[in-house]
Amino acid sequence: MSAAAPIKTGLFDCRDSFAATIESLAETDPRIVTVVSDSLGSSKLGGFKKRWPERMVNVGIAEQTVVAVGAGLANGGKVPFVSAAACFLTGRALEQIKADIAYSNVNVKLIGQSSGVAYGELGPTHHSIEDMAWLRLLTNLTVIVPSDPWETEQAIRAAAAMDGPVFVRVSRMPVPALERSNAKFEIGKAETLVEGDQATIIANGTMVHRAVAAAKTLAAEGIAVRVVNMSTISPLDEAAIIAASQTGAIVTVEEHNVRGGLGGAVAEVVTANTPVPMRIMGFPGFLPTGSAEWLMEQFGLTSAGIVDAVRQTIARKAKK
């Protein structure tokens, strides 16, 4: 799926893009319904409810139920978008996602809202930094982590168009619209945003714009680093990862635990094909309470932190 590159400036909440896109799709597809677990406001679906109150189901604070209801609606011929806070949707309803959605291979679109550490001040119970690790193990389930408002729209449209279960990880943290010379979105295909041959940064979600900023800093030092946006984590673009190995060093960056997520997925491919020095950047485990930006800074998930990680990983390459 392709579209013109965005020209908007400033910072954007990707939930707004999700809400606008789902309304646009619902205008022409009466099968589309929304299901929430007392998450109407946090999903920004007030406009959808006002236009189509009969096409929204609010089950209350019952995440297992919200997934089961979505499966039932899909079996009845609807295209349900099940939208809830990512931490509870994946943590409380993992069994239902596994059995009712993935194993049953039903046409449900799961929207994990406010993912990562967006609920920073509410602490570890509300941080969603394990979801990619859990979900990428489930057969049939496509997992997408958009990087900006344009890619969020494209991911939602692609999810609606395909027949099968999809999880889209939507952040509430403000991000810029990325510059793209040839904007094209395709499920299962990575996107190269910056060319380079001395190392590769592979990122997704809110980390992509930070990776691009890091690459610009390194370019000013004469270090040409490739930046790959791996927005689909399942199915994974293994060819793009193997190609990244040819640069001799890889740094992965994610708003997720360092175990089992994007970094783990990339490492599986790298070790089985062309092993090169790697650094996996993310969170080490349960986190302290604090704002999202503070948590990012504390654990080095900044453009400066990425720059340092790339330098160190290139130095390891030189010692091989």
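The rules we used
- The residue numbering used here restarts from 1 in each chain and proceeds along that chain's sequence as written.
- Reporting of local features is limited, given that this is a predicted model, to residues whose pLDDT is at least 70; pairs of side-chain atoms are given and counted only at 80 or more, and all residues count toward the totals for whole chains, interfaces and linings.
- Side-chain numbers come from the whole structure's heavy atoms, not from hydrogens or water.
- Under the scheme used here, helices are H or I runs from DSSP no shorter than 4 residues and strands are E runs no shorter than 2 residues, and both carry numbers assigned from the N terminus.
- Only C-alpha atoms enter the radius of gyration, while the globule expectation follows 2.2 Å times N to the 0.38, with N the number of residues.
- Only protein chains enter the accessibility calculation, which uses a 1.4 Å probe; a residue is then buried when its area is under 20% of its type maximum, exposed when over 50%, and partly exposed in between.
- For this analysis, residues touch if any pair of their heavy atoms sits within 4.5 Å.
- We count Lys and Arg on the positive side and Asp and Glu on the negative side, and we leave His and both chain ends out.
- Where a charge lies is defined by one atom per residue type, namely NZ (Lys), CZ (Arg), CG (Asp) and CD (Glu).
- Whether two strands pair comes down to DSSP finding at least two bridges between them.
- Inter-axis angles, ranging from 0 to 180 degrees, are taken between N-to-C directions of lines fitted to C-alpha atoms, where helices are fitted over the stretch in contact.
- Helix span, as expected, comes to 1.5 Å for every residue beyond the first.
- Orientation categories follow fixed angle ranges, with anything under 35 degrees roughly parallel, anything over 145 roughly antiparallel, 65 to 115 roughly perpendicular, and all other angles oblique.
- Classification convention: Asp, Glu, Lys, Arg as charged; Ala, Val, Leu, Ile, Met, Phe, Trp, Tyr, Cys, Pro as nonpolar; all other residues, Gly among them, as polar.
- In summary, the pairing rule links any two rings of Phe, Tyr or Trp, Trp by its six-membered ring, whose centres are within 6.5 Å, and it sorts them by plane angle into stacked for under 30 degrees, edge-to-face for over 60 and tilted for everything else.
- Two limits define a charge over a ring: the Lys NZ or Arg CZ must be within 6 Å of the ring centre, and within 35 degrees of the ring normal.
- Every residue is assigned a pLDDT by the predictor, reflecting its confidence on a scale from 0 to 100.
- What makes a nonpolar core is a set of buried Ala, Val, Leu, Ile, Met, Phe, Trp, Tyr and Cys residues whose side-chain atoms join them at distances within 4.5 Å.

Student: Quick one: what's the story with the overall build of the protein, residue by residue and with numbers?
Tutor: Looking only at helices and strands, the protein has 12 helices and 12 strands in total. Here the C-alpha radius of gyration of the protein, 19 Å, is about what a compact globule of 320 residues would show, namely 20 Å. C-alpha extents for the protein along the principal axes are approximately 60 × 40 × 35 Å. In the protein, which comprises 320 residues, the proportion classed as buried is 57%. Expressed as a percentage of contacts within the protein between residues at least 6 apart in sequence, the contacts between residues at least 24 apart total 79%. Between the averaged position of the 29 positive side-chain charges in the protein and that of its 31 negative side-chain charges there is a distance of 1 Å.

Student: Describe the sheet that holds strand β11 (residues 250-257), naming the residues involved and giving the relevant values.
Tutor: Taken in spatial order, the five strands of this open sheet run β7-β9-β8-β11-β12, and their pairing is mixed. Edge positions in the sheet fall to β7 (191-194) and β12 (278-283), since each has one partner strand and no second. Averaged over all adjacent pairs, the angle separating strand axes in this sheet is 25°, with direction ignored. Summarising the sheet, β11 and β12 pair through five bridges and their orientation is parallel.

Student: So what's going on with the environment of alanine 68? Residues and values would help.
Tutor: Relative to the assigned elements, alanine 68 resides in helix α3 (residues 63-75). Among the residues examined, alanine 68 registers a relative accessible area of 35% and is labelled partly exposed. Along the backbone, alanine 68 and valine 57 are 11 residues apart, and their C-alpha atoms lie at a distance of 12 Å.

Student: Outline helix α1 (residues 14-28), supporting the account with residue identities and numerical values.
Tutor: Along its 15 residues, α1 runs 22 Å from first to last C-alpha, staying within 8% of the 21 Å computed at 1.5 Å per residue. Every buried residue belonging to α1 is among Cys14, Arg15, Ser17, Phe18, Ala19, Thr21, Ile22, Glu23, Leu25 and Ala26, and all of these are buried. Contacts from the buried residues of α1 go to β1 (32-36), α2 (46-51), β3 (79-85), β4 (109-113), α7 (149-161) and β6 (166-170).

Student: Just give me the short version of the packing of α3 against helix α5 (residues 94-103), but keep the residues and values in it.
Tutor: Orientation of α3 relative to α5, taken along the N-to-C sense of each, is 5°, at an axis distance of 9 Å. In this view, α3 runs roughly parallel relative to α5, as classed from their interaxial angle. Residues Gln64, Val67, Ala68 and Ala71 of α3 touch α5, and the partners they reach there are Gln96, Ile97, Asp100 and Ile101. The residue makeup of the contact of α3 with α5, split by class, is five nonpolar, two polar and one charged.

Student: Tell me what's going on with the side chain of glutamate 23, and back it up with residues and numbers.
Tutor: Counting through the fold element by element, glutamate 23 comes out in helix α1. Once residues lying within four places of it in the same chain are set aside, the contact partners of glutamate 23 are Gly47, Phe48, Arg51 and Trp52.

Student: Provide a residue-level description of the packing of aromatic side chains, including the pertinent values.
Tutor: A ring pair, where both rings are aromatic, is described by two values, the distance of the centres and the angle of the planes. Scanning all chains against the criterion turns up two aromatic pairs. Seen in terms of ring centroids, phenylalanine 283 and phenylalanine 299 are 5.6 Å apart; in terms of plane orientation they differ by 80°. Their pairing is edge-to-face. Residue phenylalanine 283 is located in strand β12, and its partner phenylalanine 299 is located in the loop between α11 (292-298) and α12 (303-319); the two are separated by 16 residues in the primary sequence. One Lys or Arg, arginine 55, reaches over the ring of tryptophan 52 and ends 5.0 Å from the middle of that ring.

Student: Can you break down the sheet that holds β4 residue by residue, with the values?
Tutor: Strand order in the open sheet made by the seven strands is β2-β1-β3-β4-β6-β5-β10, with mixed pairing throughout. Because the sheet does not close on itself, it has two edges, and the strands there are β2 (56-58) and β10 (232-234). Adjacent strand axes in the sheet meet at a mean angle of 20° when their direction is disregarded. Of the pairings in the sheet, the one linking β1 to β3 comprises five bridges and is parallel in character. The residue bridging valine 36 from the neighbouring strand is serine 83, located in β3.

Student: Let's hear about helix α8 (residues 208-220): which residues, and what values?
Tutor: Between its terminal C-alpha atoms α8 stretches 19 Å, which fits the 18 Å expected from 13 residues at 1.5 Å a residue. Here α8 has its buried residues at Val208, Arg210, Ala211, Val212, Ala214, Ala215 and Leu218. Close packing links the buried residues of α8 with β7, β8 (199-203), β9 (225-229), α11 and α12.

Student: Give me the confidence of the model for the protein: which residues, what numbers.
Tutor: Taken residue by residue, the protein gives an average pLDDT of 96. The fraction at 70 or more is 97%. Across residues 1-6, confidence stays below pLDDT 50; counting only partners more than four residues off in sequence or on other chains, it has 19 contacts.

Student: Give me the nonpolar core: which residues, what numbers.
Tutor: In summary, soluble globular proteins display a tendency toward joint burial of nonpolar side chains. In this structure, Val67, Leu89, Leu110, Leu141, Ile202, Ile250 and Val266 are the most contacted members of the largest nonpolar core, which totals 38 residues. Of all the elements in the fold, those that place two or more residues in this core are α3, β3, α5, α6 (131-135), α9 (238-245) and α10 (262-272). At six residues, α10 tops the list of elements feeding residues into this core. Here isoleucine 250 is in contact with Thr200, Ile202, Ile241, Ala244, Ser245, Val266, Val270, Val276, Pro277, Met278, Arg279 and Thr313, once residues within four sequence places are set aside. Counting residues in hydrophobic clusters, the runner-up holds 33 residues, among them Leu178, Val212, Ala215 and Leu287.

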